[in-house]
Amino acid sequence: MTDAWRKYAAFFMISFKQSWLNKGNLSGGLLFLIILLFTYNRLWEVIGLEQDQIGLNATFVWYLLFAEMIILSAPRSERILADDVKSGTMAYYINKPVSFFLMRYAEALGAMTVSYLSMGTLGSLAALLLTEKPPFLWWQYPFIFIACGISSAINTLLYTAIGLSALWLENIRTLSMAVQRLAFIFGGAIFPLTIYPEWFVDIAQWTPFYAVYYLTIRLVYDFSWQNLGEACLLNFLWTSGIVAFIAYAYRKLNRRVNVYGG
Amino acid sequence: MGAKFVSFCRLFLLIQKNHAKTAFLSKSDAFVNVLMMVVNNFSFIFMWWVIFENKGSINGWSFGEMALLFAVMNNAFAFFALFARGSQTLPEYIGNGSLDNFLTTPRNTLFMISVSESTVANWGDFITGFAMFFLSGYVSWNSFLLMLLSSFCAAIVTYAFRLMVSCLAFWAEDTQRLGDNIFMAFLTFAGQPASIFTGWYKILFLTVIPSGFISLYPVEIIKNFSWSALGWLLLGSFGFLFLSIKVFKFGLRRYTSGNRFGIR
């Protein structure tokens, strides 16, 4: 590992340890996930009973688990970054021998990893208790887990990028909420896109949420090597787009800090 | 007593005026935020519309009932977020010692904390709430007044629950995110068709996580008004409010100053 990457690995580890020690945050996220699974399990149980489809809840609960693992494990990095931009704190970091953005992203990844692993472990146990049998074969589980982990890292990158939009917006909290909600519908993060009308799926396919969320989470009930490959390819393409936006916004940001002095 | 109430109302209006002035310093930003909130709400509603289009009804609830639920829930949250969001920031105040500033004012401490924060974006919730009421198919003068009353009661429950969760900070450290997550779980519970919660689920729905006072009773009252349902709603909302104030006062006794110097 080169020296440059060792620095970011250190940021990652510090954040990982801090998040692990912050039991309040961790238990809050886990509690929310369990209640969410419990609530939607009840919803699909009732729908399943009404439509004589016993076991319908299993597909939807496991689908929801992986979707929420991607979404909930992302720390609020956009708020941290926006605060840095607004308060001028970034001027303090910008002259250090590390990239400010990569530093914040490495920290966000550290926090995300702790949440993702703990939610994955406890959430899987909870889903197993609620539904007894998952909709996939157990040998597929590690592949789904890793693919969703990568999606979670891309999702974290997306939110860190939203933090940079504090350059143009006074308050980014509502923007991040709106993006999260769009992710819920275009990414099928609560209900799979199969239940939406065709015209809507056609629109969703052109958004990053379709690749980052839906294509990956779909592996839960429709696992195949072809689907896995498609998810990886499209995720790679959208990640390139997000990175291009970050590079543009970061350059602008640096210029502004130079002008105003942070 | 009357004069004191009028004085509180005046102070409340003055604080709200200042919040509005601050929020509209950048008009375009404020409007973008309100618009984003509306987009955010309608995208969530769209998901449920799709579900009801596919499934018809869920245990007796159709999209009309769901629209009433969204009307009450959005209005209740708007009331809370615009006029009493300070209760959500309480853990931060306790953590950094700025609660001292509130304790030293001659006004009621809880009142001052509650009105200390307001989020302009939540005007978008009012827009959504009223739009959903008119789309629900239950539109009449009676139901409109009942919707306003139910929304107010639901706002009280929302506030009371948030305050109780925030009070955790009196006993433990770093509870801001924990509180936020419990509050989100409460809202998630409230945002489901109440008809799916039967038996033990219903008891849980009305006690430990009192979301039923936001979804179950308000929708029932607007649909088929009954004095008993209204009585339960009033009893539940004011009961939880009373309980939350007790918890706050109990917690406040444990609070030791952060020795922060400042005037508010």
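Note that this is a predicted model, so its numbers are computed, not measured.

Colleague: Just to check I follow, could you spell out the overall build of chain A for this structure?
Modeller: Secondary structure assignment for chain A yields 11 helices and 0 strands. Seen in sequence order, chain A has helices and strands lined up from the N terminus as α-α-α-α-α-α-α-α-α-α-α. The C-alpha atoms of chain A give 19 Å as radius of gyration, which agrees with the globular expectation for 262 residues (18 Å, within 12%). Overall size of chain A, expressed as C-alpha extent along the three principal axes, is 65 × 45 × 35 Å.

Colleague: Even after reading the chapter, I still don't get the pattern of salt bridges, so can you show me in this structure?
Modeller: Where charged atoms from two side chains of opposite charge come close, those side chains can pair. Residues and elements named next belong to chain A. Inspection of the entire model under this criterion finds 6 salt bridges over all chains. Ionic pairing is found between Arg 42 and Glu 45, a salt bridge with its closest N-O pair at 3.3 Å. On the criterion of helical spacing, the pair formed by Arg 42 and Glu 45 is a turn pair, its members being 3 residues apart in helix 2 (residues 23–50). On the basis of relative accessibility, which here comes to 26%, the residue Glu 45 falls in the partly exposed class. Here Asp 84 and Arg 104 are joined by a salt bridge, their closest N and O atoms 2.6 Å apart. One end of the pair, Asp 84, is in helix 4 (residues 77–87); the other, Arg 104, is in helix 6 (residues 100–131), and 20 residues separate them in sequence. A single burial state applies to Asp 84 and to Arg 104, both of which are buried.

Colleague: Can you walk me through a nonpolar patch on the surface in this structure?
Modeller: Residue and element names in this part refer to chain A. Taken together, the side chains of Leu 137, Trp 139, Phe 143 and Trp 225 make up a nonpolar region of the molecular surface, amounting to roughly 460 Å² of accessible area. Turning to its location among the elements, Trp 225 is positioned in helix 11 (residues 225–260). Under the relative-accessibility criterion, Trp 225 is labelled exposed at 51%.

Colleague: What am I meant to see in the nonpolar core here?
Modeller: Buried together is how nonpolar side chains tend to be arranged in soluble globular proteins. The biggest cluster of nonpolar side chains holds 173 residues, and the ones touching the most others in it are Phe 66, Phe 191 and Tyr 196 of chain A together with Trp 48 of chain B. Tallying contributions element by element places helix 8 (residues 141–166) of chain B first for this core, with 14 residues. The contact partners of Trp 48 of chain B, leaving out residues within four places of it in the chain, are Tyr 40, Leu 43 and Phe 191 of chain A together with Ile 58, Phe 63, Met 66, Phe 70, Gly 191, Gln 192 and Pro 193 of chain B.

Colleague: It is not clear to me how the layout of surface pockets should be interpreted in this structure. Could you clarify?
Modeller: One simple way to see leftover space: roll a probe sized like a water molecule over the atoms. Residues and elements named next belong to chain B. Its volume calculated, the second largest pocket comes out at about 1000 Å³. Lining the second largest pocket are 26 residues, with Phe 111, Ser 114, Val 115, Tyr 159 and Leu 241 sitting closest to its centre. The set of elements that each furnish at least two residues to the lining of the second largest pocket consists of helix 1 (2–23), helix 3 (63–83), helix 6 (109–114), helix 8 and helix 12 (227–254). With 6 residues, helix 12 is the single largest residue contributor to the lining of the second largest pocket.

Colleague: Where do I start with the environment of Gln 18 of chain A in this structure?
Modeller: Counting through the fold element by element, Gln 18 of chain A comes out in helix 1 (residues 3–21). Spatially, the C-alpha atoms of Gln 18 of chain A and Glu 107 of chain A are 9.9 Å apart, while their sequence positions differ by 89 residues.

Colleague: Any chance you could explain the confidence of the model for chain A here in plain terms?
Modeller: The predicted coordinates of low-pLDDT regions are not to be read in fine detail. Of all residues in chain A, 97% have pLDDT values of 70 or greater, and the mean over the chain is 85. At the level of individual helices and strands, chain A shows its lowest average pLDDT in helix 5 (residues 89–93) of chain A, which scores 77, and its highest in helix 6 of chain A, which scores 91.

Colleague: I tried to follow the environment of Glu 78 of chain A on my own but got confused; where do I start?
Modeller: All names here are of chain A. Mapped onto the secondary structure, Glu 78 falls in helix 4. Looking at Glu 78, the relative accessible area reads 5%, which means it is buried. Taking C-alpha positions, Glu 78 is 10.0 Å from Tyr 105, a pair spaced 27 residues apart along the chain. Among all residues touching Glu 78, those that are not within four sequence positions of it are Tyr 159, Ile 162, Gly 163, Ile 172 and Ser 176. At a separation of 3.4 Å, a polar atom in the side chain of Glu 78 contacts the side chain of Ser 176.

What counts, and at which threshold
- Residues numbered from 1 in each chain as written.
- Chains lettered and ligands numbered in written order.
- Predicted model: local features only at pLDDT ≥ 70, side-chain atom pairs only at ≥ 80, totals over all residues.
- Heavy atoms only, no water.
- Helix = DSSP H or I, 4+ residues; strand = E, 2+ residues; numbered from the N terminus.
- Rg over C-alpha atoms; globule rule 2.2 N^0.38 Å.
- Salt bridge = Lys/Arg side-chain N within 4 Å of Asp/Glu carboxyl O.
- Buried < 20%, exposed > 50% of the residue type's maximum accessible area, 1.4 Å probe, protein only.
- Patch = residues over 30% accessible without salt bridge, like charges linked within 9 Å, V, L, I, M, F, W, Y side chains within 5 Å.
- Areas by Shrake-Rupley, 256 points an atom, 1.4 Å probe, with all protein chains shown as cover.
- Core = buried A, V, L, I, M, F, W, Y, C linked by side-chain atoms within 4.5 Å.
- Contact = heavy atoms within 4.5 Å.
- 1 Å grid on protein atoms, 1.4 Å probe; cavity = no way out; pocket = protein on both sides within 12 Å on 5 of 7 lines; lining within 4 Å.
- Points joined across faces, edges and corners; volume = space filled by probe spheres on them.
- pLDDT = per-residue confidence, 0-100.
- Polar contact = N/O pair within 3.5 Å; in protein donor to acceptor, adjacent residues only side chain to side chain.

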